[in-house]
Each structure stands twice: as C-alpha cells, then as structure tokens.
Amino acid sequence: MLLFTPGPTPTKEAIRNEMAKPSIHHRTPEFSLIFNETRDLLKELFDMPEVLILSCSGTGALEASVTTFAKKKALIINSGKFGERFSKIAKSFNIEYDELKYDWNTPVDIDDVKSMIVKNDYDSVFVQVCESSGGVRHPVEKLASTIKNINSDIYVVADAITAIGVEKIDVTNIDVLISGSQKALALPPGVALLGLSNYALKNLDTLATGFYFNLATELKKQKQNTTAWTPAISIIIGLRAVLKEFKEIGFENIYEKTKKISYATKSAIKTIGFELYPKKSAVCMTSVKSPRASDIISQLKVKYEVALAGGQDHLKGEIFRINHMGDVNIHEAVWVVNAIELTLDDMNIRPFNGEANKVFNEIYFA
Ligand SMILES: *Cc1c(COP(=O)(O)O)cnc(C)c1O
C-alpha cells in the first residue's frame with residue numbers, strides 16, 4: 001500500500017533502522033550530543049534563533065503557544081479544523097479570543113485582520129501556514145508583516161506543521177513557528193517543535209505558564225542539551241538522522257523537488273477533469289473537489305493500493321487529499337495520478353487515455 005495521506009507520512013527504512021537501535025538513557029553525554037546536534041540543525045531549518053523540542057503530538061505545541069503568548073486577548077484565524085483547534089484550546093483555558101472565520105477553501109483576508117487589530121487590544125495572532133483540513137495556504141508572511149507594522153508588540157504564532165520542510169518560510173515577522181514529526185519530517189508521531197524569535201525569547205520567563213508545557217523550564221534545560229521531562233528519545237534520534245539527510249541534500253533542493261511534485265500532480269489532476277478545492281493551494285498537498293470522493297478513495301485503496309485522505313466534518317465525501325510531504329518517491333507519485341485516472345475509467349466517469357501520467361511527466365522531467 002502506498003501511503004499518500006498528508007500525515008502521517010512514510011518513514012524511510014534507514015531512519016527506522018536508526019530508531020531501532022538499542023535504547024539509550026537520556027541523562028547521558030551520548031544523548032546530549034544527539035540533542036545538541038538536532039537543535040542546531042533545527043535552528044537552521046527554521047531559520048530562527050531558538051528551537052524547543054517537545055514530546056507530544058503537534059497539538060501540544062499549539063497548546064503551549066496559546067497558554068504562553070495569549071495573555072490578554074488573541075485573534076485566531078480559522079479556515080478549518082486546525083484554526084478551530086487554536087480556538088478550542090483558548091476556550092479550554094478561559095483565554096479571551098476573537099475568531100476570524102472563513103470557508104475551508106478560503107485564505108485569510110489581510111484587510112479583515114487589519115481592521116480587527118486597530119479596533120481591539122490583541123496581544124497575539126494565531127494562524128496556520130497551511131490549513132491542512134482543506135489544503136489552503138494562508139499569506140502568512142504578508143499577514144505577519146502587516147501585523148507587526150501596526151503593532152510590533154503582538155506575538156505572531158504560525159502553525160507550520162505542514163509547511164516546515166516543504167517550502168521556505170520567511171520568518172522575519174513570525175515569533176513562534178510550530179512543527180511536528182509526522183508530516184514533512186517523515187517520522188512517526190510523538191515530537192512537536194517550536195521555533196522562537198528574539199522577541200518571543202525576551203519575555204519568555206514572565207510569560208511561561210503551566211507545568212508540562214512550561215516553555216521557560218524547557219528552554220533552560222534545552223540550552224543545557226537536555227529536556228525537562230523524559231523525551232521521545234528514539235524519535236529525536238530519528239529526527240537528527242532526517243535533518244542530517246535534509247542538510248546533505250540541501251533544504252532548497254528539497255523545497256524545489258516538493259514544489260515540482262506538487263505542481264505536476266495538481267496539473268495532472270486538473271487535466272483529467274477535476275477542480276482543486278482551495279482558492280489558494282498549499283504546496284504540501286493537493287486537495288481535490290469531487291462529489292464521488294469517498295468512492296474514489298476506496299477504489300484506489302482496494303484496486304490500486306494507494307491510500308489517500310478524505311475530508312473531515314462537512315467536507316467528508318466532498319474532497320480527497322494527496323500528500324507531497326516527506327520522502328515522496330517520484331515513481332510512486334506518478335503512479336498515484338495514473339491510478340486516479342484508471343479509477344475514473346472504472347467508475348465510468350472518464351475513459352482512460354494516460355493523460356494524467358503524460359502531463360505529470362512532462363512537467364516533472366521538463
Ligand atoms: C497535523 C497537524 C497538526 C497537529 O496535529 P496532531 O494530531 O496533534 O499532531 C496541527 N496543525 C496542522 C496544520 C496539522 O496539519
């Protein structure tokens with residue numbers, strides 16, 4: 001079965017072998033060395049002065065960023081399930097917030113944010129880089145610079161779980177950048193990451209709150225190359241191996257390859273009659289509108305051994321999503337669009353003529 005869901009993504013055999021080595025204790029010089037190297041590589045990948053490694057799924061980092069940086073009132077951008085999650089977290093901690101809500105195919109309108117910010121006393125803004133539930137790419141860089149131009153005290157928090165390792169993000173005006181192990185970093189779930197700006201670091205001691213997700217406690221420990229609590233040791237070992245490989249290949253080369261696969265897939269999909277779901281598509285996935293999405297997904301799985309993801313909530317049965325993050329094999333990616341075209345023939349929607357395969361190859365190997 002080819003796993004083409006937008007997270008979890010497949011983990012390479014070499015990385016799995018690295019994680020399968022006998023366990024080591026985390027309070028040792030051996031682990032501290034690994035931890036230090038991992039943090040240094042992460043700082044390069046994030047292009048930020050400081051990075052924290054938390055042992056939890058991505059949502060743990062979302063929670064830590066809300067409890068730490070939203071003290072007065074937060075503005076939350078909601079174009080889908082993950083934006084909504086920021087709001088649910090704020091609500092659960094009785095943190096005041098406003099929400100700018102859009103359809104799941106619609107990116108944030110910066111003018112809406114502008115008018116909310118000038119009218120309210122926000123201390124933080126929360127947004128996804130890519131809202132994975134519909135595959136929308138928010139204009140995060142422009143949003144962040146607009147916010148900082150109006151009020152540079154506002155913390156800009158961006159959830160980049162489906163963007164880091166996929167595309168270059170301009171972090172000039174971003175204070176907190178969040179990632180997780182199971183998407184573009186192609187590892188099993190269990191580790192979340194937080195990149196921090198100098199501005200976020202400046203007040204961290206006074207802002208940090210809570211116990212397990214106390215970022216000041218973590219920062220103090222992580223600067224000494226250890227963690228506050230027992231970390232997900234084997235995933236961190238895998239993370240170091242992944243990042244070393246990223247660096248060898250070159251971050252820019254990874255972004256370039258992902259962009260090409262993403263564009264070739266989107267073009268092939270449109271050629272065979274589909275419409276993309278988002279008004280502005282992210283690089284990390286191809287999100288496709290189809291009233292037959294559920295049938296397409298099950299036919300692909302049963303007959304062609306391709307696992308895609310469907311939609312959630314009101315988009316269940318309305319879209320299917322193809323992953324481009326992590327270690328995507330080009331020949332498998334070609335097979336995916338070919339198999340989708342075969343499926344359309346099986347379902348008597350469109351006769352097969354190899355057009356998807358042709359378009360993909362023409363673009364990718366141009
Ligand atoms: C996957 C994902 C998360 C994290 O979800 P977890 O299940 O907690 O790992 C957060 N935000 C986005 C945009 C995601 O795609």
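Each value, and the rule that gives it
- Residues numbered from 1 in each chain as written.
- Predicted model: local features only at pLDDT ≥ 70, side-chain atom pairs only at ≥ 80, totals over all residues.
- Heavy atoms only, no water.
- Helix = DSSP H or I, 4+ residues; strand = E, 2+ residues; numbered from the N terminus.
- Buried < 20%, exposed > 50% of the residue type's maximum accessible area, 1.4 Å probe, protein only.
- Areas by Shrake-Rupley, 256 points an atom, 1.4 Å probe, with all protein chains shown as cover.
- Pairing = 2+ DSSP bridges.
- Near = heavy atom within 4 Å.
- Polar contact = N/O pair within 3.5 Å; in protein donor to acceptor, adjacent residues only side chain to side chain.
- Nonpolar A, V, L, I, M, F, W, Y, C, P; charged D, E, K, R; others polar.
- Contact = heavy atoms within 4.5 Å.
- Axes fitted to C-alpha atoms, helices over the stretch in contact; angles between N-to-C directions.
- Parallel < 35°, antiparallel > 145°, perpendicular 65-115°, else oblique.
- Left-handed = near helix turned anticlockwise from the far one by under 90°.
- Salt bridge = Lys/Arg side-chain N within 4 Å of Asp/Glu carboxyl O.
- Phe/Tyr/Trp six-rings, centres within 6.5 Å; stacked < 30°, edge-to-face > 60°.
- Lys NZ or Arg CZ within 6 Å of the ring centre and 35° of its normal.

Undergrad: When you look at the overall build of the protein chain in this model, what are you seeing that I'm missing?
TA: Within the protein chain one finds 14 helices and 15 strands. For the protein chain, the spread of C-alpha atoms along the principal axes amounts to about 65 × 55 × 35 Å. In the protein chain, which comprises 366 residues, the share counted as buried stands at 60%. Total accessible area on the protein chain is roughly 15,200 Å²; 50% of this is exposed by carbon and sulfur atoms.

Undergrad: Help me understand the pairing of strand β10 (residues 192–196) in this model?
TA: Two faces make up the sheet, and in a regular strand the side chains alternate between them. Of all 5 residues in β10, 5 are buried; the element is thus mostly enclosed. Neither face of β10 is exposed, since A192, L194 and L196 on one face and L193 and G195 on the opposite face are all buried. Examined bridge by bridge, strand β2 (residues 50–54) and β10 share 5 bridges and lie antiparallel to one another. By the bridge assignment for β10, V51 is matched with G195. Here 5 bridges tie strand β9 (residues 176–180) to β10, and the two strands are oriented antiparallel to one another. Its bridge partner being in β10, G180 is matched across the sheet by A192.

Undergrad: Whenever I open this one, the site of the ligand confuses me. Can you help?
TA: The full set close to the ligand counts 13 residues, and S57, T59, S132, D159 and K183 are the nearest of them. With respect to the ligand, the side chain of S57 contributes an N or O atom lying 2.5 Å from an oxygen atom. Between the ligand and G58, the relevant distance is 3.0 Å, taken from an oxygen atom to a main-chain nitrogen or oxygen of the residue. Protein chains bury 88% of the 380 Å² of accessible surface belonging to the ligand in isolation. Secondary-structure elements contributing two or more residues to the shell around the ligand are α3 (58–69) and α4 (81–92). Its residues assigned to classes, the shell around the ligand comprises 3 nonpolar, 7 polar and 3 charged.

Undergrad: What is the right way to look at the side chain of T265 in this model?
TA: Examined against the element boundaries, T265 turns out to sit in helix α11 (residues 251–271). Assessed through its relative accessible area of 2%, T265 is described here as buried. Each residue touching T265, except ones within four places of it in the same chain, is listed here: T286, I322, H324, V337 and F360.

Undergrad: Can you help me understand the packing of α11 against helix α13 (residues 330–346) in this one?
TA: Each pair of packed helices can be described by the angle between their axes along with the distance between the axes. At a minimum axis distance of 10 Å, the contact between α11 and α13 shows a crossing angle of 15 degrees. Judged on the interaxial angle alone, α13 and α11 are roughly parallel. Judged by the sense of rotation from one axis to the other, the crossing of α11 with α13 is right-handed. Between α11 and α13, the contacting residues are I261, T265, A268 and I269 on the first element and I330, A333, V337 and I340 on the second. Here the residues of the contact of α11 with α13 sort into 7 nonpolar, 1 polar and no charged.

Undergrad: Would you mind going over the pattern of salt bridges with me for this structure?
TA: Pairing between side chains of opposite charge can happen when the charged atoms of each approach one another. Counting across every chain of the model gives 20 salt bridges. With a closest N to O distance of 3.0 Å, R240 and E37 form a salt bridge. Taken together, the residues R240 in helix α10 (residues 233–249) and E37 in helix α2 (residues 29–46) connect sequence positions 203 residues apart. With relative accessibility at 15%, the residue R240 sits in the buried group. Across the pair K148 and D175 runs a salt bridge whose closest N-O atoms are separated by 2.7 Å. Taken as a pair, K148 in helix α6 (residues 140–150) and D175 in the loop between β8 (155–159) and β9 lie far apart in primary sequence, 27 residues in all. Across the pair, D175 and K148 agree in class, each one buried. Through salt bridges that share partners, K12, E245 and D327 make up one connected network.

Undergrad: Help me understand the packing of aromatic side chains in this model?
TA: Here the distance between the centres and the angle between the planes together describe a pair of aromatic rings. The full count for this structure, using the stated rule, is 11 aromatic pairs. On the basis of an interplanar angle of 55 degrees and a centroid distance of 4.9 Å, the ring pair of F69 and Y155 is categorised as tilted. Placement of the pair is F69 in helix α3 and Y155 in strand β8, with a sequence separation of 86 residues. For the pair formed by F69 and Y155, the shared burial category is buried. Members of the aromatic cluster, connected to one another through ring pairs, are F211, Y212, F213 and W229. The lysine or arginine in question, K260, covers the ring of Y364, its NZ or CZ lying 4.9 Å from the ring centre.

Undergrad: I tried to follow the sheet that holds β2 on my own but got confused; where do I start?
TA: Think of a sheet as strands paired side by side through backbone hydrogen bonds, with each pair either parallel or antiparallel. One open sheet accounts for 7 strands, arranged β2-β10-β9-β8-β5-β3-β4; its pairing is mixed. Each of the sheet's edge strands pairs with one partner strand only, and the pair in question is β2 and β4 (97–101). Neighbour to neighbour, the strand axes of the sheet diverge by 20 degrees on average, direction disregarded.

From the geometry alone we can't say anything about function, so treat these as descriptive.
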